[in-house]
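Each chain, letter by letter, is given below.
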Amino acid sequence: QSTWGEFRTSALPFEPKSLGMFSHLRRLFQSESSHLAKGLPFVAAAGLSAAVLTVNTSTCDDDCVHPPHLPWSHAGPFSAFDAASIRRGQQVYQQVCATCHGASRIAYRNLVDVAYTEDEVKLFLEDMTVEDGPNDQGEMFERKAKLFDYMKSPYKNEGQARSANGGALPPDLSLIVKARHGHEDYIYALLTGYAEPPAGVKIRQGLYYNPYMPGGAIAMPPPLVDGAVEFEDGTPATVSQMAKDVTTFLAWCAEPEQDQRKLMGAQFIGIMVVAAVLTGYMKRFKWAPIKSRKIEWRL
């Protein structure tokens, strides 16, 4: 019995001098294919096992703690974002996170009819300026922010950002929820997971211990403290409350069309159910008599 490798190297052990070579080649190929087919289940099982092991290995980090799963109110297939939580989260972002991080993919107009009214957003932008230009003289200039402007980064470029943060680059938060394993759970756990390093763990100067950060060390100091923000609706500004609200806001930033997409999906499913009922009715009561009737010709 030959193997697949032997078949590839000795498929034609003769000179093709007559038409009989085709029948001989067919028999040879069938014989080798039968041996190959017998080994295919074992090859497939081995490949599947290797793929599963590879996936498990790539998602298991031994140098960090995996965040626990939390019951987010917007995570269900028919649930929507909490508008009040988005509003509080935007306030936390603006007063705490925006000093180092940007959200360059979100425009201020996106907040209208989600967490604020148009007049509230315009009032919010009155004291804010953005860099625009160039003008007729080829120079950049400052102007008042408008609804169509995007949330600007606190730094002009990457070099300035690294220089102000000891060489670390603060990531843009527009898609941070989608870009991290664990999504909302990871962001919330990271914001609330600062602690003193356990015995035997040394953290170099300028870093902080956080078990949810790969490696256990993070350059960002604890951003949230109790009472850091005064919410307009009177909600107590505890660390857990602020972390939950800003995580909800960042989840909305990563997918601001989520509510509309879920609504369209529900409408589509409803339409398909109605269409299926009508189709079944037509098939059962309209077409069945026509398809099952018998026509006889008598001469």
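Keep in mind the model is a prediction, meaning the values are calculated, not measured.

Criteria and cut-off values
Residues numbered from 1 in each chain as written. Predicted model: local features only at pLDDT ≥ 70, side-chain atom pairs only at ≥ 80, totals over all residues. Heavy atoms only, no water. Disulfide = S-S within 2.5 Å. Buried < 20%, exposed > 50% of the residue type's maximum accessible area, 1.4 Å probe, protein only. Core = buried A, V, L, I, M, F, W, Y, C linked by side-chain atoms within 4.5 Å. Helix = DSSP H or I, 4+ residues; strand = E, 2+ residues; numbered from the N terminus. pLDDT = per-residue confidence, 0-100. Contact = heavy atoms within 4.5 Å. Axes fitted to C-alpha atoms, helices over the stretch in contact; angles between N-to-C directions. Left-handed = near helix turned anticlockwise from the far one by under 90°. Nonpolar A, V, L, I, M, F, W, Y, C, P; charged D, E, K, R; others polar.

So what exactly am I meant to see when it comes to the state of the cysteines here?
Two cysteines, two sulfur atoms, one covalent bond between them: this is a disulfide. Summed over the entire model, instances satisfying the criterion amount to zero disulfides. For Cys100, which is in no disulfide, the shortest distance to another cysteine sulfur is to Cys97 and amounts to 9.0 Å. Taking the relative accessible area as the measure of exposure, Cys100 reaches 28% and is therefore partly exposed.

How should the nonpolar core be read in this particular structure?
The tendency in soluble globular proteins is for nonpolar side chains to be buried as a group. Residues Val92, Tyr93, Val121, Met151, Phe249 and Trp252 are the most contacted members of the largest nonpolar core, which totals 45 residues. Among the secondary structure elements, those contributing two or more residues to this core are helix H3 (83–95), strand S1 (103–107), helix H6 (176–179), helix H7 (184–192) and helix H8 (239–254). Top element by residues in this core is H8. It accounts for nine residues.

Even after reading the chapter, I still don't get the confidence of the model for the protein, so can you show me in this structure?
Averaged over every residue, the pLDDT of the protein is 83; the share at 70 or more is 79%. Low pLDDT (under 50) marks residues 1–22, which in the prediction has 17 contacts with non-local residues, meaning those over four places away or in another chain. Of the regions scoring below 50 in pLDDT, residues 54–59 engages in one contact with residues more than four places distant in sequence or in other chains.

Before we go on, may I ask you to explain the packing of H7 against H8 in this structure?
In helix packing, the relevant descriptors are the interaxial angle and the interaxial distance, both defined with respect to the helix axes. Following both chains from N to C, one finds H7 and H8 inclined at 145°, their axes separated by 9 Å at the closest point. As for how H7 packs across H8, the hand of that crossing is right-handed. Two secondary-structure elements touch here, H7 through Glu184, Ile187, Tyr188, Leu191 and Thr192 and H8 through Val239, Ser240, Ala243, Lys244, Val246, Thr247, Leu250 and Ala251. The residue makeup of the contact of H7 with H8, split by class, is eight nonpolar, three polar and two charged.

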